[in-house]
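# Observations on chain architecture
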Amino acid sequence: MSYKPSIPKGTRDFSPDVVNKRSMIFNTIRSVYDLYGYQPLETPAMELMETLTGKYGAEGDKLLFKILNSGDFLDGTNRDDLPDITSQKLSPLIAEKGLRYDLTVPFARYVVQHRNEITLPFKRYQIQPVWRADRPQKGRYREFYQCDADVIGSTSLTNELELIQIIDAVFSRLGIKVTIRLNNRKVLMGLAEAVGLGDRFTGFTIALDKLDKVGLEAVINELRALGIHPDKEVLLISLLQSGDKPDQLISKLRELFHGSESGRLGLEEMEKLFSLLDTVTPGNAVEPDITLARGLNYYTGTIIEVVARDLQFGSLCGGGRYDDLTGIFGMPGLSGVGISFGADRIFDVMQELHLFPEGQIDGPKVLFVNFGGADELYSLKALEYLRSHGIPSEMYPEAAKLKKQIAYADARKIPYAVLAGETEREMGTYTIKNMHNSTQQSVTLDQLAELLRK
RNA sequence: GUGGUUGUAGCUCAGUCGGUUAGAGCGCCAGAUUGUGGAUCUGGAGGUCGCCGGUUCGAACCCGGUCUUCCACCCCA
């Protein structure tokens, strides 16, 4: 009756060392969110299926984890129909709940449900796991953490600015050099119209988005298949190839968009945002990228994506503006803009670039060696004193061989060991050993606390 | 979801043509050293060869299925 223990595909255990490193990332993001005045929110891991379905497109619906109803899950079905029922029809009858797919939709649900309690504009952050039944790959998991911040109830572009400042601050603090790419869905619409693909918008953006992956030729081929106007190909190519500065690109686009209302609006927004950015001068590069089109399902204005400069990896953070997310829950006309950090990918990148500090991140500063008997009591008193002064410390739980206890401190990367045996006890002192350089000195309890406080 | 890939000790990996008792390095445990970790030496423990089935006198090795890993597509943090 023994089986080999394992965990579901795409999920992971986090060992102590990893939890400490991950906490560092979460704490960094949380403290920046706090600094900018965002308020914390948590929502349930599971939502009603009706909340989740239809929000992420047909592909997204397939990636939802559904939860089988409790009790007899066939209760809600007519058993006579079961032999020829389709899975699409059966699914809602036996699974009313599902695991959340992102944090934005639960947030929209929350805003509508609590509309009378919240003051607009409402700035919230949320750091919780989400689940997607995707095929796992590197940097791609079925359970992963998102760290969202959204502002809802304000159309001002200073919100976009603030979110970009947050992104800049978080990655600077973590030591990751990034490029922040900006686009605007209205600009994309203007482009599509300008090349005669206004009615093939989705196909147009999907093709465009692949540029950095498959190259210019493949993109053009795909656009030809969509029926791009041949005269416009050259125009588009010149836009895609040039390494224009933001203002050069914008003036090119302005010419292109004189016939497109949408394009003009989008361009105005982009210009305004870049001029706002000029006043704050972020440390990381912020670039316009007219090929950026991801996460398009509900974005209507600004689109944001962040990638690491020193490493080819998926995006570390994404976001954008959505004009009417709460409309589907019965509260129209509320505009929001938000971002989401992918903590798991940030972890992977930091690991690969060796950006985590060496040695212990968190944990005890000192290990008391246990000599048993009266010596043990002598150490216990000192332990209590150190802890009451906020110094994380522990004692080896049994009077094992000294070699073993010192090796334990070494394995745990505890920087100091205290030896307090008969000699020390009689003199009222403590021998503290620096594990790094093996030096030892004899000190009083107060001196010990003073030394460890550093 | 489609196509491919991977799996042998805690970790990284050998393992010949299908042939007797499946190996190495690192790590772990014990000792050399009864108040001192990392270095060295000696000894030791540790395996359902991912799992299930098939072919064969005989399978870590061949075949089928399945799970897992990673990759491409799709999509995305």
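Residues numbered from 1 in each chain as written. Chains lettered and ligands numbered in written order. Predicted model: local features only at pLDDT ≥ 70, side-chain atom pairs only at ≥ 80, totals over all residues. Heavy atoms only, no water.

## Considerations on the overall build of chain A
Broken down by element type, chain A carries 18 helices and 16 strands. For 454 residues, the compact-globule estimate of 2.2 N^0.38 gives 22 Å, and chain A exceeds it by more than 25% at 29 Å. Referenced to the eigenvectors of the C-alpha coordinate spread, the extents of chain A come out at roughly 95 × 65 × 45 Å. In chain A, buried positions account for 46% of the 454 residues. Of all intrachain contacts in chain A linking residues separated by at least 6 positions in sequence, the fraction that spans at least 24 positions is 69%. Of the side-chain charges in chain A, 53 are positive and 61 negative, and the distance between the mean point of each set is 3 Å. (Helix = DSSP H or I, 4+ residues; strand = E, 2+ residues; numbered from the N terminus. Rg over C-alpha atoms; globule rule 2.2 N^0.38 Å. Buried < 20%, exposed > 50% of the residue type's maximum accessible area, 1.4 Å probe, protein only. Contact = heavy atoms within 4.5 Å. Lys, Arg positive; Asp, Glu negative; His and termini not counted. Charge placed at Lys NZ, Arg CZ, Asp CG, Glu CD.)

## Re empty space enclosed by the protein
One pass over the structure, following the stated rule, counts one cavity of 30 Å³ or more. Empty space within the largest cavity amounts to approximately 50 Å³. Together, Arg-181, Asp-209, Asp-212, Asp-289, Thr-291, Leu-292, Arg-294 and Glu-305 line the largest cavity. Taken together, the residues of the lining of the largest cavity break down into one nonpolar, one polar and six charged. (1 Å grid on protein atoms, 1.4 Å probe; cavity = no way out; pocket = protein on both sides within 12 Å on 5 of 7 lines; lining within 4 Å. Points joined across faces, edges and corners; volume = space filled by probe spheres on them. Nonpolar A, V, L, I, M, F, W, Y, C, P; charged D, E, K, R; others polar.)

## Re the state of the cysteines
Overall, the coordinates contain zero disulfides when judged by the stated rule. Between Cys-147, a cysteine without a disulfide, and Cys-317, which holds the nearest cysteine sulfur, the sulfur-to-sulfur distance is 9.0 Å. (Disulfide = S-S within 2.5 Å.)

## Comments concerning the protein's contact with RNA strand B
Neighbouring RNA strand B are 42 residues; Lys-138, Arg-140, Lys-401, Met-435 and Ser-438 lie closest to it. The sugar-phosphate portion of RNA strand B accounts for 44% of its atoms within 4 Å of the protein, the bases making up the rest. Contact between RNA strand B and Arg-135: a base oxygen at 2.7 Å from a side-chain N or O atom of the residue. Taking Lys-138, its main chain carries an N or O atom lying 2.2 Å from a phosphate oxygen of RNA strand B. Residue assignment for the surface near RNA strand B shows that the elements contributing at least two residues are strand E6 (143–152), strand E10 (317–322), helix H16 (402–411) and helix H17 (422–427). (Near = heavy atom within 4 Å. Polar contact = N/O pair within 3.5 Å; in protein donor to acceptor, adjacent residues only side chain to side chain.)

## Remarks on the nonpolar core
Soluble globular proteins tend to pack their nonpolar side chains together in the buried interior. Ranked by size, the top nonpolar core spans 97 residues in total, and within it Tyr-33, Phe-171, Ile-176, Leu-191, Leu-253, Ile-339 and Phe-341 carry the most contacts. Top element by residues in this core is helix H6 (residues 157–174). It accounts for 10 residues. Residues within four places of Ile-339 in sequence aside, it is in contact with Tyr-33, Cys-147, Asp-148, Ala-149, Leu-163, Ile-166, Ile-167, Ile-304, Cys-317, Gly-318 and Gly-319. Counting 18 residues, the second-largest nonpolar core is a separate cluster that includes Met-395, Ala-420, Tyr-430 and Leu-448. (Core = buried A, V, L, I, M, F, W, Y, C linked by side-chain atoms within 4.5 Å.)

## Notes on the domain arrangement of chain A
When the domains of chain A are assigned, the result is domain 1 (16–352) and domain 2 (366–453). Just the C-alpha atoms count here: the centres of domain 1 and domain 2 sit 52 Å apart. (Domains from an automatic or database assignment.)

## Here we look at the packing of aromatic side chains
As enumerated under the stated definition, the model contains 11 aromatic pairs in all. Geometrically, the ring pair formed by Tyr-378 and Tyr-430 is stacked, given 4.7 Å between the ring centres and 5° between the ring planes. In this pair, Tyr-378 sits in helix H15 (residues 373–388) while Tyr-430 sits in strand E15 (residues 430–434), placing the two residues 52 residues apart along the sequence. Under the relative-accessibility criterion, Tyr-378 is labelled buried at 15%. (Phe/Tyr/Trp six-rings, centres within 6.5 Å; stacked < 30°, edge-to-face > 60°.)

## Some points on the sheet that holds strand E2 (residues 46–48)
Strand order in this open sheet of three strands is E2-E4-E3, and the pairing throughout is antiparallel. The sheet is open, and its two edges are formed by E2 and strand E3 (66–67), each paired on a single side. Two elements, E3 and strand E4 (residues 97–99), share two bridges in a ladder whose sense is antiparallel. By the bridge assignment, Ile-67 is partnered in E4 with Lys-97. (Pairing = 2+ DSSP bridges.)

## A short note on the environment of Met-270
Here Met-270 is to be found in helix H13 (residues 261–280). Overall, Met-270 belongs to the buried group, its relative accessible area being 4%. Along the sequence, Met-270 and Arg-115 sit 155 residues apart, while their C-alpha atoms lie 31 Å from each other. The contacts of Met-270, once residues within four sequence positions are left out, are Leu-182, Asn-183, Asn-184, Val-187 and Pro-288.

## So, helix H5 (residues 104–113)
For H5, the buried fraction is high: nine of the 10 residues fall into the buried class. Residues Thr-104, Val-105, Pro-106, Phe-107, Ala-108, Arg-109, Tyr-110, Val-111 and Val-112 constitute the buried set of H5. Where H5 is buried, its residues touch E2, helix H2 (49–52), strand E5 (122–131), E6 and E10.

## Some words on the side chain of Asp-344
The residue Asp-344 is located in helix H14 (residues 343–352) in this model. A polar side-chain atom of Asp-344 sits 2.7 Å from a polar atom in the side chain of Arg-12. Discounting residues that sit within four places of it in the chain, Asp-344 has contacts with Arg-12, Phe-14, Arg-22, Tyr-141, Phe-144 and Tyr-145.

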